[in-house]
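# Overview (structure and organization)
Residues per chain, in single letters:
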Amino acid sequence: MKRSPLVPRLLSCLPRLRASLAAAALCALGGAAQASVLILGATGQPGGLTDVQSKIAATGVVNGTVDVFNANTGTPTLALLKSYDAVLVFNDTFNKPFASATQLGNVLADYVDAGGGVVEAGLSHATIPFGGLTGRFVTGGYDVFNANNNQNSCGSLGRVADPQSPLMRDIDSFSGGLSALCYRVTPKAGASVVAYWTNDKPLLGYRTDHKGIVVGLNMFPVSGDVQAGLWDSTTDGARLMANSLAFAAGELPEPGSLALLGIAAVAAGVAGRRRARRA
C-alpha cells in the first residue's frame with residue numbers, strides 16, 4: 001500500500017481531524033512500538049544472538065515479540081518474515097556467513113515489497129566474496145549503503161546530520177569499543193544519512209522509496225558484554241538498534257513528517273501494510 005494517496009483525503013477532512021491527530025501525535029511520540037521484530041543474524045560469538053535480542057528488548061522501545069533466527073544455518077521463508085513488522089539482519093562475514101546470501105537477499109526484497117521493514121546492520125555490507133548480503137535486496141537497490149570491504153575501527157558517534165530524526169531519539173552517546181567495527185560505506189542514491197562515526201563514515205541512514213522502510217545501521221550488533229572490543233554496552237547501541245527497528249516497522253514518525261498529516265499518513269500506511277501481510 002502506498003502512503004501518498006492518503007494525503008488528498010486527509011487534506012479534505014483536516015478540520016475534523018486536527019484535534020484527534022494532535023492526540024495521536026503525542027501518543028506516537030511518547031509510546032513504545034507495538035511491533036513484533038525478528039533478529040536475523042549469523043554470528044560467531046557464543047550467545048551473540050541472545051545478547052542482541054535481550055538488549056533490544058530491555059530498551060522498552062519495542063513492546064512486541066523480539067525473536068531470533070540463525071541466518072548461518074538457514075534462510076527464512078517469506079511467510080515467516082511476514083509474521084513480523086521488521087527484521088534486523090547482520091552477519092560475521094568469514095566467521096559466520098549467511099547460509100545463502102543470495103536467497104536471503106531475494107526474500108528480504110520480497111518482504112520489503114510486501115511492506116515489511118528491514119534494518120541491515122554490519123557486517124553484511126561487505127561484497128559477495130567477503131560474505132556480504134546479495135540477491136535482489138542489493139541488485140534491486142533496496143539497501144541503504146554501497147558495499148565496501150574496507151573494514152576499520154570507526155570510533156564512536158560523531159556528526160549527527162539530522163538531530164531531529166526519531167532514529168536519534170534518546171541517543172546520547174555511542175562507542176564502538178576498541179574494535180568499533182564498521183565499513184567505509186557510502187550512501188546509495190535515494191538514501192538519507194542521519195548520523196556518522198567520528199571518522200565521518202556513515203553510521204545510520206534510511207530509505208523510504210520502496211513499499212517498506214529500509215534502515216542501514218553500519219555497526220556490528222553484538223556487544224562487548226559477549227566479546228571484548230565490541231560496542232560499549234554502557235552507551236546507546238541497543239537504543240540505536242531498537243529505534244531502527246521501530247522506525248522500519250513504521251512505529252516512529254519519519255524525519256520531516258512530525259506534522260499531523262505526516263503522522264496520520266504514516267500510521268494509516270503501516271496499518272494497511274500489516275493487514276495485507278497478515279491476511
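Every value quoted in this text rests on a predicted model; they were computed, and no experiment measured them.

This next bit is on the confidence of the model for the chain. Here the chain averages 83 in pLDDT, while 78% of its residues score no lower than 70. Note that pLDDT drops below 50 for residues 1–30; the model gives that stretch 31 contacts with residues more than four away or on any other chain. Note on residues 258–268: pLDDT is under 50 here. Beyond four places in sequence and across chains, it has 26 contacts.

What the eight strands build is an open sheet, ordered β2-β1-β3-β4-β12-β11-β10-β7; its pairing is mixed. Because the sheet does not close on itself, it has two edges, and the strands there are β2 (66–70) and β7 (157–160). Across the sheet, the mean angle separating the axes of adjacent strands is 20° when strand polarity is ignored. In the sheet, strand β3 (residues 86–91) pairs with strand β4 (residues 117–121) via four bridges, with the strands oriented parallel. Along β4, the bridge assignment pairs Val89 with Glu120. Along the sheet face, helix α5 (residues 101–113) touches β1 (37–42), β3, β4 and β12 (214–217) and points at about 160° away from the line of β3. The sheet strands contacting helix α7 (residues 237–248) are β1, β3, β4, β11 (202–207) and β12, and the helix crosses β12 at an angle near 165°.

For the coordinates displayed, the defined rule picks out one disulfide. Paired through a disulfide, Cys154 and Cys182 show a sulfur-sulfur distance of 1.6 Å. One end of the pair, Cys154, is in the loop between β6 (151–153) and β7; the other, Cys182, is in strand β8 (residues 181–183), and 28 residues separate them in sequence.

Quick look at the pattern of salt bridges now. A full pass over the atoms with the stated rule returns eight salt bridges. The partner of Asp170 in a salt bridge is Arg239, with the nearest N and O atoms 3.0 Å apart. Pair noted here: Asp170 is in the loop between β7 and β8 and Arg239 is in helix α7, with a separation of 69 residues, a long-range link. What makes Asp170 partly exposed here is its relative accessible area of 48%. What you see here is one network of salt bridges that share partners, running through Asp51, Lys55 and Asp225.

Turning our eyes to something else, we now look at helix α3 (residues 48–59). Between its first and last C-alpha, α3 extends 17 Å over 12 residues, near the 16 Å set by a 1.5 Å rise per residue. Along its buried surface, α3 packs onto β1, β2, β3 and α7. Among the residues trailing α3, Gly60 stands out with phi positive, at a value near 80°.

Turning our eyes to something else, we now look at empty space enclosed by the protein. For the coordinates displayed, the defined rule picks out one cavity of 30 Å³ or more. One number sums up the size of the largest cavity: a volume of about 50 Å³. In the lining of the largest cavity, the residues fall into eight nonpolar, one polar and no charged.

Criteria and cut-off values
The residue numbers shown here count from 1 along each chain, following its written sequence. Only residues with pLDDT of 70 or above have their local features reported here, since the model is predicted, and side-chain atom pairs are shown and tallied only from 80 upward, although totals for entire chains, interfaces and linings are computed over all residues. The basis for every side-chain value is the complete set of non-hydrogen atoms in the structure, without hydrogens or water. The quantity called pLDDT is the predictor's confidence in a given residue, expressed from 0 to 100. Two residues form a contact once any of their heavy atoms are found within 4.5 Å. Strand pairing is assigned whenever DSSP identifies at least 2 bridges connecting the two strands. In DSSP terms, a helix is any run of H or I states spanning at least four residues, a strand is any run of E spanning at least two, and both are numbered starting from the N terminus. As a rule, the C-alpha atoms of each element are fitted with a line to give its axis, helices using only the stretch in contact, and angles between N-to-C directions run from 0 to 180 degrees. Criterion for a disulfide: a pair of cysteine sulfur atoms at a distance within 2.5 Å. By convention in these notes, a salt bridge is any Lys or Arg side-chain nitrogen within 4 Å of a carboxyl oxygen on Asp or Glu. Throughout, exposure labels follow a simple rule: accessible area from a 1.4 Å probe, protein chains only, divided by the maximum for the residue type, with under 20% read as buried, over 50% as exposed, and the rest as partly exposed. By definition here, a helix of n residues has an expected span of 1.5 Å times n minus one. The definitions used throughout rest on a 1 Å grid laid over the protein atoms alone, on which a cavity is an enclosed set of points accommodating a 1.4 Å probe that cannot get out and a pocket is an open set flanked by protein within 12 Å on both sides along at least five of seven lines; lining residues are those having an atom within 4 Å of a point. Grid points are joined across faces, edges and corners, and a volume is the space filled by probe spheres set on the points. Each residue gets one label: Ala, Val, Leu, Ile, Met, Phe, Trp, Tyr, Cys and Pro are nonpolar, Asp, Glu, Lys and Arg are charged, and the others, such as Gly, are polar.

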